[in-house]
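Structural overview
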Amino acid sequence: MDWGLKNRISQIIKPATGRTVMLAVDHGYFLGPTTRLENARQTIAPLLPYADTLMLTRGILRTSVEATTNVPIVLRVSGGTSILGKLSNEIITTSIRDAIRLNASGVALSIFIGSEHEKETLSNLCSLVNEAEEYGIPVLAVTAVGKEMVRDARYLGLCCRIAAELGAHIVKTYYCDGFEEVVGGCPVPIVVAGGKKIEEKEALQLTYDSIKHGAVGVDMGRNIWQSDYPVAMIQAVREIVHNNASPEKAYELFKKTATTDKRR
Ligand code: R5P
């Protein structure tokens, strides 16, 4: 593998554990000012010391994160649609030149398999991989966002495998029953999205199950920053991802750390 590509992937997936805690704060690109991400700078700042990677759009990166940060950036480069329209009808929003200018360690885009715009979004993925590989930049394909599809192992396995076949270097998907089949059929690393906010205990269980069944980490958003205790939550997630903590132990840590975390 190209040295630059390998180096950038190792900025995202930490070689010490082979795992990653990616902090997803890109939601505004189609959801607008999502609850507790209205002021992105305020949400992101206290979490940054605990994030292995920050996933966001160029607009939020430029306005809400200090350029002096040493947290690697995975730049979302697809969008152009909103929750009010056809979500799957995305375009590539950001050039590779701008991603390089912003010192991105990786670029991310969504694919919508089985949707009306399946072909266009897969075509976007192919174009992005072709361009990004010119510069040794890894591509993270985001699968299965939206409500249209049943998120079971058969569907997610299909999505992840297609993303990998078309050249994605990392795939982001959802956890499901039979997740090991999804992982087994995908030759590149998988990170799991958190999805809608659930109880902290459940989100930690989800993290644990994902890792246990073969994910290399999480790319989690709402279950961290919509918690009343986001700093405690990201630390608990890290304990599972990097230190193989049980969900019970991580939840104990969460409760303990929450006493010192600023309540919203
Ligand atoms: C969705 O397209 C975005 O990429 C989010 O980053 C993703 O859904 C992960 O965030 P959450 O853990 O809130 O689901």
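Reading the values: the criteria
- The numbers attached to residues start from 1 for each chain and follow its sequence in the written order.
- Given that the model is predicted, a residue must reach a pLDDT of at least 70 before its local features are reported, and side-chain atom pairs must reach 80 or more before they are shown or counted; all residues, however, enter totals for whole chains, interfaces and linings.
- Hydrogens and water are ignored here; the side-chain numbers use all heavy atoms of the structure.
- We define a salt bridge as a contact between a side-chain nitrogen of Lys or Arg and a carboxyl oxygen of Asp or Glu at a distance within 4 Å.
- Strands are runs of DSSP state E lasting at least 2 residues, helices are runs of H or I lasting at least 4, and numbering of each runs from the N terminus.
- With a 1.4 Å probe rolled over the protein chains alone, any residue whose accessible area is under 20% of its type maximum counts as buried; one over 50% counts as exposed, and the rest are partly exposed.
- Axis lines are fitted to C-alpha atoms, over the contacting stretch for helices. Their N-to-C directions set the angle, which ranges from 0 to 180 degrees.
- Should an angle fall under 35 degrees it is taken as roughly parallel, and over 145 as roughly antiparallel, whereas 65 to 115 is taken as roughly perpendicular and any remaining angle as oblique.
- Each helix crossing is assigned a hand: it is left-handed if the near helix lies turned anticlockwise from the far helix by less than a right angle, otherwise right-handed if that turn is clockwise.
- Residues count as neighbours in contact if any of their non-hydrogen atoms are within 4.5 Å of one another.
- Any two strands between which DSSP finds at least two bridges are classified as paired.
- We call a crossover right-handed when, viewed with both strands directed away from the observer, the connection leading from the first strand over the helix to the second proceeds clockwise.
- Residue proximity to a molecule or strand is established when one non-hydrogen atom of the residue lies within 4 Å of it.
- For this analysis, a polar contact is any N or O atom pair within 3.5 Å, provided that within protein one partner can donate a hydrogen and the other can accept it, and provided that sequence-adjacent residues contribute only side-chain to side-chain pairs.
- Residues are sorted three ways: Asp, Glu, Lys and Arg are charged, Ala, Val, Leu, Ile, Met, Phe, Trp, Tyr, Cys and Pro are nonpolar, and all the rest, Gly among them, are polar.

Here the structure, examined in full by the defined rule, presents 12 salt bridges. Among the ionic pairs, Asp-219 bridges to Lys-172, the shortest N-O distance being 2.9 Å. You can see Asp-219 sitting in strand E10 (residues 217-220) and its partner Lys-172 sitting in strand E8 (residues 170-173), a full 47 residues away along the chain. Per residue, the accessibility class of Asp-219 equals that of Lys-172, and both read buried.

For the rest of this paragraph, the subject is the packing of helix H9 (residues 200-212) against helix H11 (residues 230-243). Put simply, H9 and H11 touch, their axes get as near as 9 Å, and they point 25° apart. Considering their axes alone, H9 and H11 lie roughly parallel with respect to each other. Both H9 and H11 take part in a crossing whose hand is right-handed. On the side of H9, the interface is formed by Glu-200, Ala-203, Leu-204, Thr-207, Tyr-208 and Ile-211, while H11 contributes Met-233, Ala-236, Val-237, Ile-240 and Val-241.

Quick look at the pairing of strand E3 (residues 73-76) now. Neither face of E3 is exposed, since Ile-73 and Leu-75 on one face and Val-74 and Arg-76 on the opposite face are all buried. As paired strands, strand E2 (residues 53-56) and E3 are joined by 3 bridges and run parallel to one another. Note on E3: the bridge partner recorded for Leu-56 is Leu-75. In the classification by handedness, the crossover that spans E2, the intervening helix H4 (residues 58-64) and the parallel E3 is right-handed. Here 3 bridges tie E3 to strand E6 (residues 106-111), and the two strands are oriented parallel to one another. The residue of E6 that forms the bridge with Val-74 is Gly-106.

Attention shifts here to the site of the ligand. Taken together, 17 residues sit near the ligand, with Asp-26, His-27, Gly-195, Gly-221 and Arg-222 positioned nearest. Take Arg-76: an N or O atom from its side chain is 3.0 Å from an oxygen atom of the ligand. Counted by class, the shell around the ligand contains 8 nonpolar, 4 polar and 5 charged residues.

Right, let's get into the sheet that holds E8. Spatially, E1-E2-E3-E6-E7-E8-E9-E10 is the arrangement adopted by the 8 strands of the closed barrel, whose pairing is parallel. The average angle at which neighbouring strand axes cross in this sheet is 25°, direction not considered. Of the strand pairs in this sheet, strand E1 (residues 20-24) and E10 are connected by 4 bridges, and their pairing is parallel. In the sheet register, Leu-23 faces E10, and the bridge partner there is Met-220.

This part covers the environment of Glu-66. For Glu-66, the position within the fold is in the loop between H4 and E3. In sequence terms Glu-66 and Arg-41 are 25 residues apart; their C-alpha atoms lie 9.1 Å from each other. Here the side chain of Glu-66 touches Arg-41 through a polar contact of 2.8 Å, side chain to side chain.

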